Amino acid sequence: MVLTKAQRGDRHKIASIQANASVSGKLAALGLIPGSEIDILQCSLHGAAIVSCKGAQFALGRGLADLIYLEN
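Residues numbered from 1 in each chain as written. Predicted model: local features only at pLDDT ≥ 70, side-chain atom pairs only at ≥ 80, totals over all residues. Heavy atoms only, no water.

Looking only at helices and strands, one finds 2 helices and 5 strands in the protein. If you list the helices and strands of the protein from N to C, you get β-α-β-β-β-α-β. Expressed along its principal axes, the backbone C-alpha trace of the protein runs to roughly 30 × 25 × 20 Å. Expressed as a percentage of the 72 residues in the protein, the buried residues total 32%. Partitioning the contacts of the protein with sequence separation of at least 6, the portion at a separation of at least 24 is 56%. Put simply, the protein shows about 4200 Å² of open surface, and 53% of that area lies on carbon and sulfur atoms. Taken as two groups, the 7 positive and 5 negative side-chain charges of the protein have centres that lie 5 Å from each other. (Helix = DSSP H or I, 4+ residues; strand = E, 2+ residues; numbered from the N terminus. Buried < 20%, exposed > 50% of the residue type's maximum accessible area, 1.4 Å probe, protein only. Contact = heavy atoms within 4.5 Å. Areas by Shrake-Rupley, 256 points an atom, 1.4 Å probe, with all protein chains shown as cover. Lys, Arg positive; Asp, Glu negative; His and termini not counted. Charge placed at Lys NZ, Arg CZ, Asp CG, Glu CD.)

In structure tokens, the structure reads:
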């Protein structure tokens, strides 16, 4: 499932990130790597996805959130 399909309040593990090395590296620097657990704080059809990972909160634009796949 893509991050943009997740529901507020859900907790998921990142399964994969379908992005180029540059983008994947930037996400990895934030701790957003396959296997990381994230909490979905906000995810709407038209705005940014706000997630929490390892105690930090991040706002991810829709285009970036569409590249992050979650385990079901």
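Here the focus is the sheet that holds strand E3 (residues 49-53). In spatial order, the strands read E4-E3-E2-E1-E5; together these 5 strands make up an open sheet with antiparallel pairing. In the strand order of this sheet, the two ends are held by strand E4 (56-60) and strand E5 (68-70), each with one partner. With direction set aside, neighbouring strand axes in the sheet form an average angle of 45°. Pairing geometry for strand E1 (residues 11-17) and strand E2 (residues 37-42), over 3 bridges, is antiparallel. The partner of Arg-11 across the bridge, within E2, is Asp-39. (Pairing = 2+ DSSP bridges. Axes fitted to C-alpha atoms, helices over the stretch in contact; angles between N-to-C directions.)

If you trace the backbone, His-12 turns up in strand E1. Looking at His-12, the relative accessible area reads 11%, which means it is buried. A distance of 3.5 Å separates the side chain of His-12 from the side chain of Asp-10, its partner in a polar contact. Side-chain polar atoms of His-12 contact the backbone oxygen of Glu-71, separated by 3.3 Å. Beyond its immediate chain neighbours, meaning those up to four positions away, His-12 contacts Met-1, Ala-6, Ser-36, Glu-37, Ile-38, Ile-40, Leu-70 and Glu-71. (Polar contact = N/O pair within 3.5 Å; in protein donor to acceptor, adjacent residues only side chain to side chain.)

Once that is clear, we can look at the side chain of Thr-4. Looking at the element boundaries, Thr-4 is found in the segment before E1. A polar contact is formed between the side chain of Thr-4 and the side chain of Asp-66, at a distance of 2.7 Å. Not counting residues up to four positions away in its chain, the partners in contact with Thr-4 are Cys-43, Arg-62, Ala-65 and Asp-66.

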